[in-house]
Every structure is written in structure tokens, then in C-alpha cells.
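Residue strings, one per chain:
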Amino acid sequence: MIIAVLIAVLLPLGLYSYHRALKETRELLDGRLAQSARTLDVLIRQAGVEALRKPELGSLVVPILGRKAEEQLLHTRTYEAEVGYQVFDMHNHMRLTTANFAQLPLPSTPVSGFDDHFFEGYGWRIFTLVDDVNDVVVRVGERDDSRRDITRALWLDLGLPQFVGLPLLAILVGWAVRRGLRPLERLRQALASRAPGSRQPIQLEHAPQELQPVVDALNMQLERLEDALERERRFSADVAHELRTPLASTIIHLDSAMATQLPPDASAALTSAQSGLARLTRRIEQLLALARLEAGAAAGQRGEVDLIAVAMNVIDELAPLLGESGVEFAFAEHDDSLKIQGYEAALAALLRNLIENAMHHVPTGGQVQLSLRRSQGATLIEVIDNGPGIPLERRASVFARFHRESSGGDGYGLGLSIVQRAAQLHDATIELLDAPSGRGLRVRVAIPQI
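Reading the values: the criteria
Residues numbered from 1 in each chain as written. Predicted model: local features only at pLDDT ≥ 70, side-chain atom pairs only at ≥ 80, totals over all residues. Heavy atoms only, no water. Helix = DSSP H or I, 4+ residues; strand = E, 2+ residues; numbered from the N terminus. Buried < 20%, exposed > 50% of the residue type's maximum accessible area, 1.4 Å probe, protein only. Contact = heavy atoms within 4.5 Å. pLDDT = per-residue confidence, 0-100. Core = buried A, V, L, I, M, F, W, Y, C linked by side-chain atoms within 4.5 Å. Phe/Tyr/Trp six-rings, centres within 6.5 Å; stacked < 30°, edge-to-face > 60°. Pairing = 2+ DSSP bridges. Salt bridge = Lys/Arg side-chain N within 4 Å of Asp/Glu carboxyl O. Expected span 1.5 Å × (residues − 1). Bend = angle between axes of the 7 residues up to and from the residue. Polar contact = N/O pair within 3.5 Å; in protein donor to acceptor, adjacent residues only side chain to side chain. Axes fitted to C-alpha atoms, helices over the stretch in contact; angles between N-to-C directions. Patch = residues over 30% accessible without salt bridge, like charges linked within 9 Å, V, L, I, M, F, W, Y side chains within 5 Å. Areas by Shrake-Rupley, 256 points an atom, 1.4 Å probe, with all protein chains shown as cover. Lys, Arg positive; Asp, Glu negative; His and termini not counted. Charge placed at Lys NZ, Arg CZ, Asp CG, Glu CD. Left-handed = near helix turned anticlockwise from the far one by under 90°. Nonpolar A, V, L, I, M, F, W, Y, C, P; charged D, E, K, R; others polar.

Quick look at the overall build of the protein now. Counting secondary structure elements, the protein contains 9 helices and 13 strands. Counting the 450 residues in the protein, one finds 35% classified as buried. Contacts in the protein between residues far apart in sequence, at least 24 positions, make up 62% of those at least 6 positions apart.

Now the structure itself:
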């Protein structure tokens, strides 16, 4: 853009300067011709006009030193052949002429002023001075190619610096811009190399004065973000403590009450209350898990995680639920270990919610299968069930929070939102596909290898 602006400004200025200089040069050269004719007229008048009028004297021819002779004598260029003059009377009797104008045809009716002639292969700019008082006509001319030499010189003087200078200027401006923007590149590298979740202040050595306010603003924003996240972490911990304790206590009291002999109606009511509290406990756990993931507290620093070990821990944690649900769960054949770079807490939340979501949507006696494997540079997590599945037109909306696929379930629509957030922390993709058997759903999470 800088070079384009320079070209847009300098080229019109250069053309304007060239035309102005050319116009002034032409006027100067024309003025020189007119002055030469008037000077010659005065000299002839002072020398005696009557001498020029005597026909028996003939015409005087002023010799012109040619280029070859001039080069032999002076070793320099001659301009004598490019100018010439004629002096003749009103009856077209030649009295005085230069050798190069000796054959120039005389005008039938001489008129004072400038005109152009083509003579002996050259164009000539000629000024004619008619001296009626002394019955003398003076013609002074200059060859056009001498003027073209001046034009070419003007082109070189005005155009060459621009044609040579603009590319050089482009190189220098490009170097200057790159050098000027180098601190921004260092800042970009510093930001790109930061670990996800890091909120350490940005340190940029030798930051220029213009960039320092940007660095200070970024550090201030990171500090405010750290304060906000710390408050959110404390809030999550306080909520977990304040809710889990009374819920656990209430469940214990319900268990104790159900262990006693109660009327059938009271026993049914207590059983319903216990089931409702269990669902409420699960919802609170999901909300807290989602809050931790979004705050980044669950991420921390990436590290090497054994996905098989994480899956086994999740299965052990869900074992009581799997046993009570009447759902057949299978962990497909896998290696002893499957290590990836990731966040253990986020991966555990992802697996837990995928398995629970599948269990809640298959009927009693249904099947849920977990599969972990590597494929084409990615680690694949697949959970397959033989439940009702999700229609194609609704699959794009199931990741919205609090979206429930049917009103008959007991979920709050948070499971897949947690899965999506955990996948985003790992730059993973999620696909909702049909089960291989044709009935049910297959959820595939592909985590790219780093």
C-alpha cells in the first residue's frame, strides 16, 4: 500500500514536471532562435546592407565543421551541423548562409514567425525575421533531433530516478516494515507458544514503545481473567461442598427410614424420594463438571494420559449403575495402554457422560459398547448402543445445553454439552452416526495426535 501510494503520487508529479520542463525548454529554444535572428539582423545592418545587395558579390557560405573533422580535432561532439541560418533579400537573392542551409528552399512570400520544415532527412524548427526597412530576410533554424536529445535527457533526469528509485524504495520500505513489525511477530510467537490455560504475564523483551501498551493491556486482561476464574473455582468448590453434604445426609436418612418397617404407601414414597435425590445429585455433578471444564480448571497443563486406565476407572465408578440398569455393557478388545496428550479430568468426564447417556437411552436388556483405538493419526473413542437412536435432522441440535431428545427421560440435556466441551479442549471432532447393526447410535470422538 505504501509503494502504491508513492507511485500514485510520484508518477503524476514526474509527468507534470516533465511536461513543464519540456514546455519551458521549447520556449527557451524558440526564444534563442528569435534572438539569434535579431542579432544577425543587427550585425548585418551595422556591417552594411548595401554590400549584401550587390549581386556581383554572390552569396557568402559559412562552412560547417563536420562531425568527423571535429572528432579528429576536438575529440568531442559538435552541434554546428544542427543549427543554421540564411540571409536573403526580398527578391530571394541569397546573400549569406551556412553550408547546411545552402540548399534549403527559399519561401515565395516570407512571413515573420516560427514554422517547421523537413529538409534533407531532418525536421527543422525555423524562425523567420522579415526586415522590411532594410529589405532583408533572416532565417535561423535548429534541427529537431537536437531538441529530442534534450527531451531524452529530461526523460532520463526525471524518469530514471523514479524507475530505479521506486524498486529500491520498495525493497527498503519492505525491509523497514518487516523490521518494524518484528516485535508483533515476537508477540504472536509468545502467544502461540503459551500452554492452553496458562495465565502467566506476557514477557516481551525490548518491546518498542508503540507495542508496550498492547502487552500491558493483554497482561491486565489475563490478570482479570485469572481473578474471575479463581472466583468461579471457589464458587464451584463451595457449591459442591454445600450441596453434596446435605444431599448425602438426606440419602442416608432415607436409607435408614427404608430399613425400618413402614406402610406400603410410605415405603413407595420414600423410594421415589430416594430416586429423585439420586437424580438431583447427578445433575449437580454434571453442572459442576461443566462449570469446571468451561473455567479451564479441569484442563490445567496437558500431559500424557493413559486412556485405557481412565476408561477402566470410569467403568469401575459406574459399575453399580451398570449393575442396576439391566444394560449389557461391553468394553471392546483393546491394548493394555493407549497414551495420548490430554487432560485426564476432561477425558474422564467425556467417557463418563458418553456411557451414561447411552445407558439412559437403551431399554432394559439393551447393549452398550465402548471402543478405544488408533486410526489414521487419531485416537478414536466410540460408544455404540442399540437404543432408539437420534434422527438425522435432530443430530445437530443435541449438543445444545438443556436439550432433551425426549420428554420421557430423566436427563437435563447436559451430558453431550460436557462431551462437546471436553472434546474442544482436545481439538477433537464429534460425529453422531448410525450403529453398525442399523438400530441405535454410534458416537465417535476423534482426538488428533500431537
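Time to look at the confidence of the model for the protein. Here the protein averages 79 in pLDDT, and 82% of its residues register 70 or above. Overall, residues 401–413 carries pLDDT values under 50, and its contacts beyond four positions in sequence, including any with other chains, amount to 27 contacts.

What follows deals with the nonpolar core. Among the nonpolar cores identified, the biggest contains 41 residues, and Leu350, Leu351, Leu354, Leu370, Leu372, Ile381 and Val445 are the most heavily contacted of them. Going through the elements one at a time, helix 7 (307–325), helix 8 (344–360), strand 10 (367–375), strand 11 (378–385), helix 9 (415–425) and strand 13 (441–448) are the ones with two or more residues in this core. Broken down by element, this core gets its largest block of residues, 9 residues, from helix 8.

A word on unusual backbone geometry. Positive phi is not limited to glycine here, since Glu120 has a value of about 50°. Tracing the sequence through the fold places Glu120 in the loop between strand 4 (113–119) and strand 5 (122–131). For Glu120, a relative accessible area of 57% translates into the label exposed. At Gln376, a position not held by glycine, the phi torsion is positive, near 50°.

Let us now look at the packing of aromatic side chains. Within the structure shown, the criterion is met by 2 aromatic pairs. An angle of 70° between the planes, with centres 5.0 Å apart, marks the rings of Phe101 and Trp124 as edge-to-face. Note that Phe101 is positioned in the loop between strand 3 (94–98) and strand 4 and Trp124 in strand 5, a separation of 23 residues in sequence. With respect to burial, Phe101 and Trp124 carry one shared label: buried. Ring centres 4.8 Å apart and planes at 50° place the aromatic pair Phe114 and Phe127 in the tilted group.

It is worth spelling out the pairing of strand 10 at this point. As paired elements, strand 8 (residues 328–331) and strand 10 share 4 bridges and run parallel to each other. Note that in strand 10 the partner of Phe331 across the bridge is Leu370. Connecting strand 10 to the antiparallel partner strand 11 that follows it, the hairpin turn spans 2 residues, and Gln376 within it adopts a positive phi of roughly 50°.

All right, on to the pattern of salt bridges then. Tallying each qualifying case throughout the model produces 12 salt bridges. Among the ionic pairs, Glu431 bridges to Arg444, the shortest N-O distance being 3.9 Å. Placement of the pair is Glu431 in strand 12 (residues 429–434) and Arg444 in strand 13, with a sequence separation of 13 residues. With relative accessibility at 35%, the residue Glu431 sits in the partly exposed group. Several salt bridges share partner residues, and in doing so they unite Arg373, Glu382, Glu431 and Arg444 into one network.

Turning our eyes to something else, we now look at the pairing of strand 11. Across the 8 residues that make up strand 11, a large majority, 8, are buried. By the alternation rule, side chains of strand 11 split into Ala378, Leu380, Glu382 and Ile384 and Thr379, Ile381, Val383 and Asp385, which are all buried. Here strand 10 runs beside strand 11; their pairing, made up of 8 bridges, is antiparallel. Directly across from Gln369, in strand 11, lies its bridge partner Ile384. Note that strand 11 and strand 13 share 8 bridges and pair antiparallel. Bridge assignment links Leu380 to a residue of strand 13, and that residue is Ala446.

Before going further, it helps to spend a moment on helix 7. Taking 1.5 Å as the rise per residue, helix 7 with 19 residues should run 27 Å; its terminal C-alpha atoms sit 25 Å apart, in good agreement. The principal kink in helix 7, of about 55°, is found at Leu318, preceding the proline Pro320 by one to four residues. Contacts from the buried residues of helix 7 go to strand 7 (303–306), strand 8, helix 8, strand 10 and strand 11. The opening residue of helix 7, the one whose side-chain oxygen lies 3.1 Å from the backbone nitrogen of Ile308, is Asp306.

Looking now at the sheet that holds strand 11. Strands sit in the order 8-10-11-13-12 across an open sheet of 5 strands; the sheet is mixed. The open sheet has two edge strands, strand 8 and strand 12, and neither has a second partner. Taking each pair of neighbouring strands and ignoring which way they run, the sheet shows an average axis angle of 15°. Against the sheet, helix 7 touches strand 8, strand 10 and strand 11, its axis set at about 170° to strand 8.

What follows covers a positive patch on the surface. Taken together, the side chains of Arg178, Arg179, Arg182 and Arg186 make up a positively charged region of the molecular surface. Relative to the helices and strands, Arg182 resides in helix 4 (residues 144–192). Judged by its relative accessible area of 41%, Arg182 falls in the partly exposed class.

When two helices pack together, their arrangement is given by the angle between their axes and by how far apart the axes lie. Running from amino to carboxyl end, helix 7 crosses helix 8 at an angle of 30°, the nearest separation of the two axes being 9 Å. The chirality of how helix 7 crosses helix 8 is right-handed. Counted together, Leu307, Val310, Ala311, Val314, Glu317, Leu318, Leu321, Leu322 and Ser325 of helix 7 and Glu344, Leu347, Ala348, Leu351, Arg352, Ile355, Glu356 and Met359 of helix 8 form the full contact between these two elements. When its residues are assigned to classes, the contact of helix 7 with helix 8 shows 12 nonpolar, 1 polar and 4 charged.

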